[in-house]
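Notes for the structure review
Listed below are the residues making up each chain.
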Amino acid sequence: MGANTSQVSDLSENQSLRTLIGTESISDNDPFWNQLISFTFISPTSSGNSKLLEEAVIPLAKILIENNPRTGNFGALVRIFLGRTKELKISTECQDQLFIWQAHNTLFMIRCLLKVFIREMTEEELHLQFSYQERTCIPLSIPPRMDITYSILFEAVTTMLVLLSYQLFHKEILRDGLIYQYLMKGRCLSLTSQLVKTLLYNFIRQEKCPPPATHIFEQQSDGGGLLYGLASGVASGLWSVFALGGAGSKPGLDQEQNPLPLSNQSLLLLLVLANLTDGPNNCPNPYRQAVTCFKNTQDTSSIPTEQHHMFQINFNSLYTALCEQQRSDQATLILYTLLHQNTNMRTYMLSRTDMENLVMPILKILYHVEDRNSHHVYMALIILLILTEEDTFNRSIHEVVLKNITWYSERSLTEISLGSLLILVVIRTIQFNMTRTRDKYLHTNCLAALANMSAQFRCLHQYAAQRIISLFALLSKKHNKILEQATQSLLGSNLSPLLWIGAQDLNVIEEVIRMMLEIINSCLSNSLHHNPNLVYALLYKRELFEQFRTHPSFQDIMQNLETVIGFFSQRLEAAGTDLSVERVQEVIMKGAQALPKDRLKKFPELKFRYVEEDQPEDFFIPYVWSLVFNSGVGLNWSPTGIELFSMDSG
């Protein structure tokens, strides 16, 4: 950083930097600034290299903090950047790469200094660093997207994340502050929809870094000019920012780990902005408003005048990006946000005829539950729960036939409906949760999704039907074990703490058993003739249900199951002995058509809706910042001083 500096170890000795942080004030029109920002230092994209850079910058920044009240040099550096932002659009159109290169370098320096400032001072003290000599602020600048502006766009997004990172160092959720006020009420307010739209399109485009360029600038024969005699090709360092990774890293390593740095960083910033709390006096978060109300570019209806932050975006492109990027927490979280909060986008998604492109990546997240953090699994499950609230979705997924699901390794699935696959994966998630994490909310939401679907179960695959009954078998076994432990505890000593714990567990397991019985009953009551495989599995394991016939918690719901089991058992007995599987299935198919529907008692329709907690920010803000902390490109924060979340929460 600074003219003729290319290694971290050189920073402390760089004369230009020493002048910047020194005791002398530098005027805005001093030629020094062009020299300062004409450097080829490769900014890091890995957290390790970012840490090395920050360790080198910290002592320099601390000196600047001491001297800046007298010199105002930091404010001057900001003004140099602001002067260049005014010309970014014309520079891009004219392919003025030198100008854009220097603007990027200036912003990079500001970002590096700000990161240290935020760790060292309060927002009020930070404000003074900008306002010495004259009040200065960094506006939202969005230059046109081209290869030559990729780096400065990335730097602008990253700088905003750094500016907002005060939240990391506070355990409580920040609901006000100078930066917050500026973003919510200042000049930024009018650019809200433009910023959100730009960040979404950065995510949609999923563009990789431009390839390194060489010999962009020719060396001037007299050694003068803006580059102050730097060698030919000096600006190629700008294009190596991402491709080479930074000082001390292996070429290409970070490019492989973060192939889409601008897309990733933009998505993180969008999530941070959308999850800022509403302001005092019921002042709504304008970024959340923009995220929740944008419309499709193909929607020709007029935009309501009261929706100030409304804009339009290509829903097809956004849907495609969402389908392709469901490998990361942040992509799953933005999908959840749009499904839950943007009715326009939710309606569009549910109308798609290729819903498998969206659902399959979510199922993969749940299938590989042991490799995912609990938050990612939870959000994927909530997405399914929201989708299953719609009957059109529950019907359509059974009409989509999939071939050769290779990632599902427990069974060979050469052909299965999307609906049956969803049931298999969700039940597997419940079973994993019961044996490992024992998260009550997780399996409750899994069961809620199954319950929403149950009335629309169609032609369940034999494995899906077997899995439903095997889950019930597991629950029965667990129920009996808890009863046995409670009985032994009661016989051993009265009012044992173990007895109380057993009673609590028994209540939970009986709630789950009740819900499973309701799911099976809903399917039998509404679509018996569509599900011979479920009837077959039910008859095969009929003894599992015997113990619950007279149980007061299950007596009512068991009446229908007993009716179905008794009806089909009689028809099978009448068909003779030693029946083949094919013959049993034939009897079931014919019996399903013959069973009078009025013999089954009607129960209320099973419908569960997802509702956020009263203060969702208590969950989402720490979660979003844990994603920034763990997956922000080229950002590194020392765990020391992080208060918002524990280090194992990400």
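Residues numbered from 1 in each chain as written. Predicted model: local features only at pLDDT ≥ 70, side-chain atom pairs only at ≥ 80, totals over all residues. Heavy atoms only, no water.

A few words on the confidence of the model for the protein. Interpreting fine coordinate detail is not advised for predicted regions of low pLDDT. Of all residues in the protein, 84% attain a pLDDT of 70 or more, and the chain-wide mean is 84. Low pLDDT (under 50) marks residues 133-140, which in the prediction has 29 contacts with non-local residues, meaning those over four places away or in another chain. In this model residues 213-256 is a low-confidence stretch, pLDDT under 50, and it forms 96 contacts with partners more than four residues away in sequence or in other chains. (pLDDT = per-residue confidence, 0-100. Contact = heavy atoms within 4.5 Å.)

Summed over the entire model, instances satisfying the criterion amount to six cavities of 30 Å³ or more. One number sums up the size of the largest cavity: a volume of about 210 Å³. In this structure, the largest cavity is lined by 15 residues; those nearest its centre are Leu164, Gln167, Leu174, Tyr180 and Leu276. Of all elements in the fold, only helix 9 (178-185) and helix 28 (617-631) reach the threshold of two or more residues within the lining of the largest cavity. Counting residues per element, the lining of the largest cavity draws most heavily on helix 28, at three residues. Counted by class, the lining of the largest cavity contains 11 nonpolar, two polar and two charged residues. A volume near 80 Å³ is recorded for the second largest cavity. Contributions of two or more residues to the lining of the second largest cavity are made by helix 3 (47-71) and helix 6 (97-120). Classifying every residue of the lining of the second largest cavity gives five nonpolar, three polar and three charged. (1 Å grid on protein atoms, 1.4 Å probe; cavity = no way out; pocket = protein on both sides within 12 Å on 5 of 7 lines; lining within 4 Å. Points joined across faces, edges and corners; volume = space filled by probe spheres on them. Helix = DSSP H or I, 4+ residues; strand = E, 2+ residues; numbered from the N terminus. Nonpolar A, V, L, I, M, F, W, Y, C, P; charged D, E, K, R; others polar.)

A few words now on the packing of helix 8 (residues 150-163) against helix 13 (residues 261-274). Where helix 8 meets helix 13, the axes come as close as 9 Å, and the angle between the chain directions of the two elements is 30°. Relative to helix 13, the element helix 8 is oriented roughly parallel. Where helix 8 crosses over helix 13, the two elements pack in a sense that is left-handed. Contacts between helix 8 and helix 13 pair Tyr150, Leu153, Phe154, Val157, Thr158, Met160 and Leu161 from the former with Pro261, Leu262, Gln265, Ser266, Leu268, Leu269 and Val272 from the latter. (Axes fitted to C-alpha atoms, helices over the stretch in contact; angles between N-to-C directions. Parallel < 35°, antiparallel > 145°, perpendicular 65-115°, else oblique. Left-handed = near helix turned anticlockwise from the far one by under 90°.)

In the contact formed by helix 15 (residues 315-324) and helix 17 (residues 343-351), the axes pass within 11 Å of each other and the chain directions differ by 75°. Relative to helix 17, the element helix 15 lies roughly perpendicular. Where helix 15 abuts helix 17, its residues Phe315, Asn316, Leu318, Tyr319 and Leu322 lie against Asn344, Met345, Tyr348 and Met349. Residue composition of the contact of helix 15 with helix 17, by class: seven nonpolar, two polar and no charged.

Generally speaking, soluble globular proteins have nonpolar side chains that are buried together. Formed by 211 residues in total, the largest nonpolar core has its most connected members in Leu322, Leu421, Ile468 and Phe545. Here this core takes 12 residues from helix 6, the largest share from any one element. In contact with Phe545, not counting residues within four places along its chain, are Ile469, Phe472, Leu517, Ile520, Leu538, Met558, Leu561 and Ile565. (Core = buried A, V, L, I, M, F, W, Y, C linked by side-chain atoms within 4.5 Å. Buried < 20%, exposed > 50% of the residue type's maximum accessible area, 1.4 Å probe, protein only.)

Let us now look at the layout of surface pockets. Rolling a probe over the atoms, with the probe sized like a water molecule, indicates the empty space that remains. For the second largest pocket, the calculated volume is near 570 Å³. Lining of the second largest pocket is provided by 25 residues; of these, Tyr378, Asp439, Tyr441, Leu442 and Asn445 occupy positions nearest its centre. Listing elements by their share of the lining of the second largest pocket, those giving two or more residues are helix 19 (374-387), helix 21 (418-435), helix 22 (440-454) and helix 28.

Taken as a whole and assessed by the stated rule, the structure comprises 19 salt bridges. Of the charged contacts in the structure, one is a salt bridge between Asp354 and Arg352, with a shortest N-O distance of 2.9 Å. Note on Asp354: relative accessible area 17%, which makes it buried. Here the salt bridges do not stand alone but share partners, grouping Glu410, Arg428 and Arg467 into one network. (Salt bridge = Lys/Arg side-chain N within 4 Å of Asp/Glu carboxyl O.)

Of the residues making up helix 9, those classed as buried are Ile179, Tyr180, Leu183 and Met184. What you see down the axis of helix 9 is that its buried residues fit within an arc of 120°, all on one side. Where helix 9 is buried, its residues contact helix 7 (123-131), helix 8, helix 13 and helix 14 (286-293). (Arc of directions from axis to C-beta.)

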